[in-house]
Structure formats: structure tokens, C-alpha cells
Amino acid sequence: MEKDNNRFKITAKLILYALPIMGILGLLIPTIIGQFNLTLLGSYLAIPMIVAPLIYHKYKDNTSDSIELNNRIFILLLSVYFICIFLATIIVYISEVRPILFYLIVTIMSLIILFEILLFNDSNMKTKVILFQSMILMLCILWSVNLNYFYYISRTDPIFHVAAIESLINNAYIEAEIFEIYKPFPLWHVLCTMVYYISALDLPIQKIMFFTNGIIYSFTPVITYLISRKIFSNNKVSLLSALFIVLNPDVIGYGMASISRSVVSFLFLLLILSLLYKSNLKMVFLSIMLIFPIVMYHTASTPFIFTILLLLLIGQHIYDKNKNIFTYNFLVIFIIFNLLYWMFYAELLFETIISTIIREAPSGIITSSIIYTPLNELFNYLQYTPMLFFVIIGTLGTLYSNRLPSIAKIFVLLGLLSVVVAFPGPALLINKFAGNFNVGRFGQYLFPFITFAIAIGFYTMYKTTQKYSKSFLLLLFISLAFLSVSNDFIASDNPIIERPFYTYYLTEQEINSFNTIGIFTSGSIMSDYVTTRYTSLSNTPHSDKRHILVVDSTNMKVLREKDNDVFLIRQSELSKRPLKLYSNTDGYFKPNPSWEGGSKIDYYYKDLSLWNDFESYNKVYDTKSILAFT
């Protein structure tokens, strides 16, 4: 045991000294090579890497007195919380888009939960109330978007899943042409279809899907609490974990998207919980049984999950060989079932994954805005600054602790390592990783470990700082909560600072216009990326007419193949956001071009001369929101 603790402390010392050096180098190297935009953008990671170890070293031996307020104040805070819920609901209902006030109210609700955790004594009743509040907060954040707007599209993935569910409802069987590579993995679509029939809710199909996933994700704080309670044996840290999971951008993003792999994130949480109870035969059985739905809901997620479980096993082998929470036997069962399922039921998916990995990496920068608009990107990454600060503090505090078990230390250490792939960073600049290997998806499954590190880091700072330092701690939390729900990745309806990206929902008028133009057009419909994706993926009779709008980016001209092709422009979107079009530099029209990996797809802003080119065409459709030219 002493030997294991020494290994953890050696690791902690390495982190303590290495992170500031890495942070300084992360700022110096781009500056030296003249990439000042990368220096600016990298500061959101570099600053906490430099500052957090110094602050930990300063406060590590400090203690502060605990504050416990009267239970009447708890009831008062609870009342204010539900008033905030009422106000948030009213604001969302009466507003065309969510205003900044909504984000402020969500921040206040988060702050109330934080006060309830820290400023009152523990009790079973308070724990249940706080967990319930966290569940409500999760639903408030998710449903204020995907149930509020007519058709939430996230990054366009929900369009396909809605079409698959609609096909299943209408045809009562899994149609290969619609389901494509998801034909062997229809569990999410089957579940949503069952909810559609059983609930008899008077909602569009897409909102049935969002409602179902919202209910599932509302239990994420509860499962997170149970895992944290098992590894930390501290009720306040566990409640903080439940709160911070709600504010995690990856959790919010996938909770809103409500696609097949969204459910797998929740199932992975359940798997972690069941693996922690190896002495309980029921939980052992549950852990093995969970392999089946994980593989069958979204089997492409299993390589990520396998990698994480393997890292935990390696960490356990390095730091504490006496523990057998994560075993080779379980990993063997996991991988065998996965491979067998792929071999017999998912040949197309297997081929798709392999071809994605081995294809040539796209040229340029996938997230080109990190080069061209670094200030906008920086602001939309700022929520990760306090998150990383707490992750580092939590990791150091946990690794140096003589009280916490080795499994807690391994979890938190993995949380720190997760930052490399889960936070926006250098991986975005390496197209082979970002485009072919989808390393960004690790964040969808690593979020619990990051959350545990944040929770223990925040609580460590709270217990070791005095009055004025606690004010700074409070400011960090407020910024984390506010920025997590108002950044452009999560709130593209009305972000604080916009970045080059499309609005993540379609209006009813837009969809009606797509259908109207499709019916009366004999040629192709030349439209932006979002419209093309919607038309091609949804079950519409004119989906074969869709074609992404091709632009001669050298001469700033629009191109088409035939005179009866129609240009469809989302004017309301263009007035506030750039449109995503296909760029061709040779001046010739390219039929059905591929944009795999984001290659040759660029954003075109409203002030470009390109849009003047439409003056030479006839306007045949105009709803102010949608224009069509021929």
C-alpha cells in the first residue's frame, strides 16, 4: 500500500512541475514561429496549466472553517430555485430565441444548487432534493433547445435518426434503404417508436426522440452521484459531481442531439457503476449484460469505450495490482462480443470504419476558424479554463492524498489525461486525428472522469481557501456555468460570441419552403450544406433533387449544371450566419461532389460579392426567409 502511494505521489510531483513548463512552452513555441493566433487560442489551456499547480502548492496545507446555515435558508433557496424554473420556462415560451437572460437564470439555478451542497449539513432528504434539482436543471438546459425550436438538427445527425424512426413507424419494419449502416443497430429507433405509440404524445417525431433522450439524460446526475459516492465516500464531492456533469459541454451537446450514441454515453455510466461492485453478483451480471445494448445501440462507440476500459486496467496494473475492479476477462468478453456482432451483422459498418481510418486526411484545417477567427474561438473555449483549473487541482490533491483509495486516484488521473482529446486543443490541428479517427468523440465517454476531477478539485479549493479566495472560487464557478450554456457550440441560437457555424435548428417555414420548391422544381435544388443534408436524409419525395450549391471561389460565381436547376438560399440564416457551400477553384461545375472530412466546404458571409451574382438570375420564390432563383 505504501509503495502504491509512493507511485501516485511521484506521478503528482511530475504533474506539479511538468504542467507549468508545458503551459509556458505552449505559449512560447507558437509565438516564436509567428503563429500568434495559436498563442492567443492556446492561452485558455496554458494559463490554468501554469497557475493551477502554483495555487495548489500555496494552499495544499491550508484549512478553513466549514459554514453550516440554518435549514430555513435551505428552504428559501429551494423556493428561489423553483421560481427560477418558472421564469426560465416563461422566457423560453415567449421568446423567439433564448435570450441572454435565460443563461443567467440557468447560472443562478446552478449557483443555488452549489450553495445547497456546500453551506448545509448532509442529510438523506437534502441529497435527494439536490439530485432532483440537478435532474430538473438538466432537462431545463436540454429541452429549452431541442423541444423549443421546430426542428433541432445539432450537427445534422438527428435528421437521419428522425427519418429512420419515421420509416419504422410508417412501415413497421427496418427498411434497409433508409437505415443504411444502422440496419443492424436499430435499438434507439425502436425505443423511440415504442415511446411514440405507448405515450400517444401529440408531438412531431423529432420531439418524441428529444423527449425520450431527455428523460434518459435526466438520470445522468444520479448515476454520476452513485459512482462518485462509491469511489470518494464523500457526499458533498458526489453531489458536486452530479452538478458538474450537468454543466459539462459534451453531456449537454449529446443530450440535445439525442442520437444513438447519446444513449451509449448513459449506458457507459451504468457500466462504470456496475464494475465498481465486483463483489455483488447481480452487478457483475449487469456489467456483462450492458455490453449487449452498448454494442447494439451504437457499435461504432465500442472502440472508444474499449480504449478507456483498457486505460483503466493499465492504470490499475501500474498503481494497484491488488485491485481487480477492471479485469482482462471482462475486456475479452467485451471485445469478442463486439467483433462477433460486427462480423455477422455489421459488415457495411466495419467496412465504413476501416475506409474512414485509411482514407487520405482532408487538406487544410478542419476547424479553420481557429486560424482565421481566433478571438471568437477563444471566447467559446473559455468554459474549459476553470474546468481545467479544477481538474489539475483535483488531480494533485487526490494523488497526494493518503485517505482516498487507489481507484479514485486512477479515475481522476484519467480525467486529467482526458483533457488531451476531450477538450478542444492541438488535436483539431491534426486532420488525421480529428477527421479520420474522430478523437474528439472521446469526450463523449471520458466526461465522467473529467467531472470527478473537477468536483474533487473544486471541493479541495473550497476546503483550503479563506474568505476572499472563496470569492474568486465562486467567480470561477459562475463563469464555468454561464459559459457552458451560452457558448456557440451549445447555444448557436443566441451565443454570447458567434463563431463560423450554422444555426442548429430549422424553422417550420424553412422546411415548408424546402418541400414547396422541391415539388415545383424539375431540376436539381442547389442549396447550402444544412439544406442539402436535410433534403437528402429526410423522407421527402424530392430528396433525389438535392445538390450542394457549388461556388467558383476564384471568381465568386455560383455554378449549376442545367438551366432548370434552382438555387435555394436561406436568407434568414444568411442575415445572421454564413452559409456553408462547396468551393471549386477551377471554375467548372462539379456534379455530386464529395465533402468527406469537411474538404472544400467553406463558409460564405453575406458581405461577399458572391451574393451579387444572383442579380443575373430570376427570383422565383421569396418568403423573406427562403429565396429561390433560376
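Look a little higher up for the structure.
Residues numbered from 1 in each chain as written. Predicted model: local features only at pLDDT ≥ 70, side-chain atom pairs only at ≥ 80, totals over all residues. Heavy atoms only, no water.

(A) Summary view of the overall build of the protein chain. For the protein chain, the count of helices and strands is 28 helices and 11 strands. For a compact globule of 630 residues, the expected C-alpha radius of gyration is about 25 Å, and the protein chain comes in at 25 Å, within 12% of that figure. Along the first, second and third principal axes, the C-alpha atoms of the protein chain reach 80 × 50 × 50 Å. In the protein chain, which comprises 630 residues, the share counted as buried stands at 56%. (Helix = DSSP H or I, 4+ residues; strand = E, 2+ residues; numbered from the N terminus. Rg over C-alpha atoms; globule rule 2.2 N^0.38 Å. Buried < 20%, exposed > 50% of the residue type's maximum accessible area, 1.4 Å probe, protein only.)

(B) Focus on the environment of L331. Here L331 is to be found in helix α17 (residues 328-345). Given a relative accessible area of 7%, L331 falls into the buried group. Spatially, the C-alpha atoms of L331 and T307 are 9.9 Å apart, while their sequence positions differ by 24 residues. Once residues within four sequence positions are removed from consideration, L331 is found in contact with F306, L309, L310 and L313. (Contact = heavy atoms within 4.5 Å.)

(C) Structural context of the pattern of salt bridges. With the rule as written, the count across this model stands at 11 salt bridges. Of the charged contacts in the structure, one is a salt bridge between R577 and D488, with a shortest N-O distance of 2.7 Å. Of this pair, R577 sits in the loop between α28 (571-574) and β8 (579-584) while D488 sits in the loop between α25 (467-486) and β2 (505-506), placing them 89 residues apart in sequence. Classification of D488 by relative accessible area gives buried; the value is 0%. Among the ionic pairs, D622 bridges to K619, the shortest N-O distance being 3.5 Å. (Salt bridge = Lys/Arg side-chain N within 4 Å of Asp/Glu carboxyl O.)

(D) Inspection of the state of the cysteines at higher detail. The final tally for this structure, using the stated rule, is 0 disulfides. With no disulfide of its own, C84 lies closest to C140 among cysteine sulfurs, the gap being 9.6 Å. On the basis of relative accessibility, which here comes to 15%, the residue C140 falls in the buried class. (Disulfide = S-S within 2.5 Å.)

(E) Examining the nonpolar core more closely. Residues L309 and F411 are the most contacted members of the largest nonpolar core, which totals 202 residues. If you tally residues by element for this core, the top one is helix α24 (residues 443-464), at 14 residues. What L309 contacts, discounting residues up to four positions off in sequence, is F268, L271, L275, F326, F330 and L331. (Core = buried A, V, L, I, M, F, W, Y, C linked by side-chain atoms within 4.5 Å.)

(F) Just the packing of aromatic side chains, in detail. Counted by the stated rule, this structure contains 42 aromatic pairs. Ring centres of F8 and Y319 lie 4.4 Å apart, and the angle between their planes is 10 degrees; on these two criteria the pair is classed as stacked. Within this pair, whereas F8 is found in helix α1 (residues 2-32), its partner Y319 is found in helix α16 (residues 302-319), the two being separated by 311 residues in sequence. Pair check on accessibility: F8 and Y319 agree, each one buried. The ring of Y277 is capped by K230, whose NZ or CZ atom sits 4.4 Å from the centre of that ring. (Phe/Tyr/Trp six-rings, centres within 6.5 Å; stacked < 30°, edge-to-face > 60°. Lys NZ or Arg CZ within 6 Å of the ring centre and 35° of its normal.)

(G) How the structure looks around the environment of Y297. By the element assignment, Y297 lies in helix α15 (residues 291-297). Take Y297: its relative accessible area is 12%, and that puts it in the buried class. As for Y297 and L111, which are separated by 186 residues in sequence, their C-alpha atoms are 35 Å apart. If sequence neighbours within four positions are ignored, Y297 has contacts with F185, L187, W188, L191, S260, V263, V264 and L267.

(H) Up close: the pairing of strand β10 (residues 619-622). In this structure, β10 lies alongside strand β11 (residues 626-629), joined through 3 bridges in antiparallel fashion. The residue bridging Y621 from the neighbouring strand is A628, located in β11. (Pairing = 2+ DSSP bridges.)

(I) Main features of the sheet that holds strand β6 (residues 557-559). Sheet architecture is open: 4 strands sit in the order β6-β5-β8-β9, paired in mixed fashion. Strands with a single pairing partner mark the edges of an open sheet, and in this sheet they are β6 and β9 (601-604). The mean angle between the axes of side-by-side strands here comes to 50 degrees, regardless of whether they run parallel or antiparallel. The pairing of β8 with β9 spans 4 bridges and is classified as antiparallel. Across the sheet, residue Y582 finds its bridge partner in β9, namely I601. (Axes fitted to C-alpha atoms, helices over the stretch in contact; angles between N-to-C directions.)

(J) Broad picture of helix α12 (residues 249-257). Burial of α12 is extensive: 8 of the 9 residues sit out of reach of the surface. Here α12 has its buried residues at P249, D250, V251, I252, Y254, G255, M256 and A257. A side-chain oxygen of the first residue of α12 lies 2.8 Å from the backbone nitrogen of D250; this N-cap is N248. At the C-terminal side of α12, S258 shows a positive phi close to 60 degrees. (Polar contact = N/O pair within 3.5 Å; in protein donor to acceptor, adjacent residues only side chain to side chain.)

(K) Highlighting unusual backbone geometry. Unusually for a residue other than glycine, S154 sits at a positive phi of about 50 degrees. Examined against the element boundaries, S154 turns out to sit in the loop between β1 (151-152) and α6 (157-171).

(L) Spotlight on a nonpolar patch on the surface. A cluster of nonpolar residues, I21, I24, L25, L28, I29, I32 and I33, forms a patch on the protein surface that exposes about 690 Å² of accessible area. Mapped onto the fold, I24 is located in helix α1. (Patch = residues over 30% accessible without salt bridge, like charges linked within 9 Å, V, L, I, M, F, W, Y side chains within 5 Å. Areas by Shrake-Rupley, 256 points an atom, 1.4 Å probe, with all protein chains shown as cover.)

Purely spatial values, then, with no claim about function.
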